[in-house]
Amino acid sequence: MRHMADRRRSSPSAVAGRVAAVFPTPGRVPGEHRLPGPLEQRAYLIGGRLRAWEGPLREVHSPLRLRSGSSLRRVRLGAYPALSAKESRAALAAARRAYDDGRGAWPTLPVGERIRHVEAFTAAMVARRGEVVRLLMWEVGKSLADATKEFDRTVEYIRGTIDALKDLDRASSRLVIEQGVFAQIRRAPLGVALCMGPFNYPLNETFTTLIPALIMGNTVVFKPPKLGVLLWQPLLESLRDCFPRGVVNTVYGDGATVVGPLMESGGVDVLAFIGTSRVADVLKHQHPRPHRLRSVLGLDAKNPAIVLPDADLGNAVGECLLGALSFNGQRCTALKILFVHRAVADEFVSRLAAAVDALPVGMPWDPGVWITPMAEEAKPAYLRELVDDAVSRGAAVRNAAGGTVLETYFHPAVLYPVAGGMRVWDEEQFGPVIPVVPFAEVSEPLDYVRNSPFGQQISLFGSDPAGMARLIDPLVNQVCRVNLNSQCQRGPDAFPFTGRKDSAEGTLSISDALRVFSIRTLVAAKGSEANKELLSAILQERRSAFLSTDFIL
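Residues numbered from 1 in each chain as written. Predicted model: local features only at pLDDT ≥ 70, side-chain atom pairs only at ≥ 80, totals over all residues. Heavy atoms only, no water.

Okay, the pairing of strand 2 (residues 43-46) next. Sheet topology note: the strand 2/strand 3 (residues 49-52) ladder contains four bridges and is antiparallel. Bridge pairing in strand 3 links Tyr-44 to Arg-51. Connecting strand 2 to the antiparallel partner strand 3 that follows it, the hairpin turn spans two residues, and Gly-47 within it adopts a positive phi of roughly 60°. (Pairing = 2+ DSSP bridges. Helix = DSSP H or I, 4+ residues; strand = E, 2+ residues; numbered from the N terminus.)

Listed below in structure tokens is the structure:
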């Protein structure tokens, strides 16, 4: 990234020209990325059957615009079912029947058999890669490179989950003996999981909860996010064909209409939700028995960076650019406020502004594109409000065309100097606004972190071992990941992903997710001769899927 951070700054007129030309004419859309036509989805999956919805549909329009003369027109992508509470309850009932209080075929299936079902789905999913990637571009404005990466990373995640479960099962495939008691300790499912992912990673983040929930023996109801719905349509048949009836069920429509009844019923055992803490609180409070509800939540974050005076500025600018603007800053792990020591702040801001000016902007399929239209229609206007508020309180936009709005496109804005009292100081912008705060004493950013309601990650940039160590020790008790001289990020997926305070509940990673969607359960017996004979007979005759010493290769 250093090469981009060190580029010569583009002229303001050149940047403004690129922004004005963001949206193309229809003829400039490459043939391989054009949509065959609107996708009118009426199917939804309940109880192993794709049902045809005859009720109202919800329209889907792309955040991408196409130019027609001097005007821009919206692109209609299709529609999906606006289900009612009745269909939502039917989906939950199907999931509960399939689980059958732990007696169903899926929760009692041997681990190896569940793995084979997931492997079959993975193969079927890979066959639909092109369709899903194309819809990711058109539905949420994700670049071709990022959309492809999201799909491929999801497949890698599923395969990594399979390998992790094999390791876990191998470690559990023996009896332990303590104080004369024989026992086998394994992980068992929890029940019915409700899985809801976010629009910014509608495929990957949904699967990081859905797949571990399934493979551990839970049955699932899942609702796609409000943006990024149609991309699930190519996968519905595979979900139907690769899992037993009722194991996977889908609901579509307004969250209050279809999710509220699920939670209020008390029939959901696990809530897996990635979104805002406000919505998570509403969902949890709707459950009549919250003490029985396992919650797996990825919530808000306002991840800061601290750039010390001895930092390598080339690296710091490059990593902060990545951290703040990857997928337009629409990531919970994005860097959302930068604290830079006054000794280097002016140079840092100058380099950062030049790097932003050099970024390619345009459509998702444009080669090397960085900044694309925003997925949320109302987001550019909101971001503009944040910029105007900061400018009215003493900050300035430091890059060319920063904060320019063109319908769904918002050009990144570097704001400096930012201070307390500005909205962008507290609010999670979730978009390409980069607030830069100068500081004289390192206690200033530390106080910000300590007083923040969020506690996901932080990035530290510096070269002095003693100085960095003095920051690491207090920060690990405020956030859950401290990144040294690098951006905040989720991966690698083998690492734990969680947060403190209002940022998360539960821990996700390939191995942690297996644990969070299950509970340790054991079969134990005193070591009498009669019990030894009983255990030996069950094991040797393979009469139990749980009590088993079979070893998965």
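Now that the structure has been shown, the text picks up again.
Moving on, we come to the environment of Leu-299. You can see Leu-299 is positioned in the loop between strand 12 (294-298) and strand 13 (303-307). C-alpha of Leu-299 to C-alpha of Leu-535: the two residues are 236 residues apart in sequence and 45 Å apart in space. Not counting residues up to four positions away in its chain, the partners in contact with Leu-299 are Phe-273, Gly-275, Thr-276, Ser-277, Ala-280, Cys-332, Asp-502, Ser-503 and Ala-504. (Contact = heavy atoms within 4.5 Å.)

Right, let's get into the nonpolar core. Core analysis: the biggest nonpolar cluster contains 133 residues, and Phe-243, Leu-338 and Phe-348 have the highest contact counts within it. Ranked by the residues each element gives to this core, the list is headed by helix 6 (residues 144-172), at nine residues. Discounting residues that sit within four places of it in the chain, Phe-243 has contacts with Trp-106, His-117, Val-118, Phe-121, Leu-214 and Val-248. Among the nonpolar cores identified, the runner-up in size contains 28 residues, and Ile-337, Ala-390, Val-418 and Ile-458 belong to it. (Core = buried A, V, L, I, M, F, W, Y, C linked by side-chain atoms within 4.5 Å. Buried < 20%, exposed > 50% of the residue type's maximum accessible area, 1.4 Å probe, protein only.)

Right, let's talk about the pairing of strand 18 (residues 413-416) for a bit. Residues Ala-413 and Leu-415 point to one face of strand 18 and Val-414 and Tyr-416 to the other, with burial holding for every one of them. For strand 15 (residues 396-397) and strand 18, the ladder comprises two bridges, and the chain directions are antiparallel. Residue pairing across strands places Ala-396 opposite Tyr-416, the latter belonging to strand 18. Taken together, the three bridges between strand 18 and strand 19 (residues 433-439) define a ladder with parallel strand orientation. Looking at strand 19, one finds that Val-414 is bridged to Ile-434.

What follows deals with the packing of aromatic side chains. Considering all chains together, one arrives at 12 aromatic pairs under this definition. With centroids separated by 6.2 Å and ring planes inclined at 45°, the aromatic side chains of Tyr-80 and Tyr-252 adopt a geometry described as tilted. One end of the pair, Tyr-80, is in strand 5 (residues 71-81); the other, Tyr-252, is in the loop between strand 10 (248-250) and helix 9 (255-258), with 172 residues separating them in the sequence. Residue class for Tyr-252 comes out buried when judged on its relative accessible area of 1%. Here Phe-222 and Trp-232 contribute two aromatic rings whose centre-to-centre distance is 4.8 Å and whose plane-to-plane angle is 55°, an arrangement assigned as tilted. Linking Phe-222 in strand 9 (residues 219-223) with Trp-232 in the loop between strand 9 and helix 8 (236-242), this pair joins segments that are 10 residues apart in sequence. (Phe/Tyr/Trp six-rings, centres within 6.5 Å; stacked < 30°, edge-to-face > 60°.)

Note: strands within a sheet are paired through backbone hydrogen bonds, in either parallel or antiparallel orientation. With respect to topology, seven strands assemble into an open sheet ordered 15-18-19-14-13-21-22, the strand pairing being mixed. Bordering the open sheet on either side are strand 15 and strand 22 (481-484), each of which pairs with just one other strand. Sheet topology places strand 14 (residues 335-341) next to strand 19; four bridges connect them, and they run parallel. Residue Phe-339 lies in a different strand from strand 19, and its bridge partner there is Val-437. Each of strand 13, strand 14, strand 19 and strand 21 (457-461) is contacted by helix 12 (residues 313-325), which is oriented at about 160° to strand 14, the strand it contacts most. Packed onto the sheet, helix 13 (residues 342-357) meets strand 13, strand 14, strand 18 and strand 19 and runs at close to 140° relative to strand 14. (Axes fitted to C-alpha atoms, helices over the stretch in contact; angles between N-to-C directions.)

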